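Working through the structure, step by step
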Amino acid sequence: MPTPAATIAALDQRGERFETPCGAGNMVWRRWGAGAPVVFLHGGSGSWMHWIKTIPAFMERYEVWAPDLPGLGESAMPPEPLAPTSCAAVVAAGLRATLGDRRPHMVCFSFGCHVGTLAAMELGSQIRSLTLSGSAALGLPHARVDFTKEHSRMTPGERADVHRGNLHALMIADASRIDDLAVHIQADNIAKARFRSRPFATTDEIKRALPFINAPVGALWGEHDQIAVTGGAATRFAAIRESHPDLVTRLVGDAGHWSMYEQPDVFNAALADVLNELERQPS
């Protein structure tokens, strides 16, 4: 059994790395496969590794792009003001630089939905579709999740327990599915995270931006998404459908917020269906 670090490195080495301007530094992009472009945008305090179980399933059919969002992973901080709008401007410019006039499907998770929706609004007809998963910023009530913090006196085992507890609180519904790879990804992501996205989750900025998205829109949600406990996925779908009545939806059964990791086979099949349906819609 390979170590978590070896699993991540093996997938990383199969791809190519690109950099585009971001604030005083660069935004890091990774690319795998060939075909129509699909861009995966990860969640808050995360990195491209949020998609580690999705990338292999899609790179046989698509050209898959998975960047680190500004201020997260290996990417530099965005320019002032430090807000989703500045992150979105960097992402939109990066997509123009890497893809030219090719129109990608954008698939976004959690905070990536915030950045991705604003970037899609800026890009207009330059995107083929927008798919949201586990989005906040829809102006809806969501659960407050309190996290345990690491401290310097903790042993490695105690630090791992902190990450397991936080993953269960926010990301993965069934604690038995929190494996060593999930803990490794969580620990690495948290150590590198500089941009703080949580204050923006309680806004309605995505809902206000959605009417300006002319591309087809899809939505996938984990059945037990920890931040959507009030009303569940149905209320999220309804909020999006107000501006996009042709919304294509799928519920990922028996999964929490990070549904693409907790139930990868179910999520990947559902996403493939959503993208197929969105392809048939005019844009």
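Below: a short report on this structure. (Residues numbered from 1 in each chain as written. Predicted model: local features only at pLDDT ≥ 70, side-chain atom pairs only at ≥ 80, totals over all residues. Heavy atoms only, no water.)

With that settled, consider the sheet that holds strand β4 (residues 63-65). Spatial ordering of the open sheet is given by β1-β2-β4-β3-β5-β6-β7-β8, a layout of eight strands whose pairing is mixed. At either end of the open sheet lies a strand with only one pairing partner, and these are β1 (16-22) and β8 (248-252). In this sheet, neighbouring strand axes are inclined to one another by 20 degrees on average, regardless of whether the strands run parallel or antiparallel. (Pairing = 2+ DSSP bridges. Helix = DSSP H or I, 4+ residues; strand = E, 2+ residues; numbered from the N terminus. Axes fitted to C-alpha atoms, helices over the stretch in contact; angles between N-to-C directions.)

Moving on, we get to the nonpolar core. By size, the foremost hydrophobic cluster in this structure holds 47 residues, and its most contacted members are V91, M106, L130 and I240. Setting aside chain neighbours within four positions, we find I240 in contact with L132, L138, L210, V217, A219, W221 and L247. Core analysis: the next-biggest nonpolar cluster, separate from the first, contains 43 residues, I55, A255, M260 and F267 among them. (Core = buried A, V, L, I, M, F, W, Y, C linked by side-chain atoms within 4.5 Å. Buried < 20%, exposed > 50% of the residue type's maximum accessible area, 1.4 Å probe, protein only. Contact = heavy atoms within 4.5 Å.)

Between helix α3 (residues 84-99) and helix α4 (residues 111-123), the shortest axis-to-axis distance is 8 Å and the interhelical angle comes to 60 degrees. In terms of orientation, α3 lies oblique with respect to α4. Both α3 and α4 take part in a crossing whose hand is right-handed. Taking contact as the criterion, the partners of P84, T85, C87, A88, A89, V91, A92, L95 and R96 in α3 are, on α4, F111, H114, V115, L118, A119, E122 and L123. (Parallel < 35°, antiparallel > 145°, perpendicular 65-115°, else oblique. Left-handed = near helix turned anticlockwise from the far one by under 90°.)

Here we come to the pattern of salt bridges. Under the criterion given, the structure shown has 19 salt bridges. The closest approach of N and O atoms between E262 and R177, which form a salt bridge, is 2.8 Å. Placement of the pair is E262 in helix α9 (residues 259-262) and R177 in the loop between α5 (156-171) and α6 (180-192), with a sequence separation of 85 residues. R177 gets classed as partly exposed once you look at its relative accessible area, which sits at 24%. Close ionic contact of K192 with D188 constitutes a salt bridge, the shortest N to O distance being 3.1 Å. With K192 and D188 both in helix α6, this residue pair falls four residues apart, about one helical turn. (Salt bridge = Lys/Arg side-chain N within 4 Å of Asp/Glu carboxyl O.)

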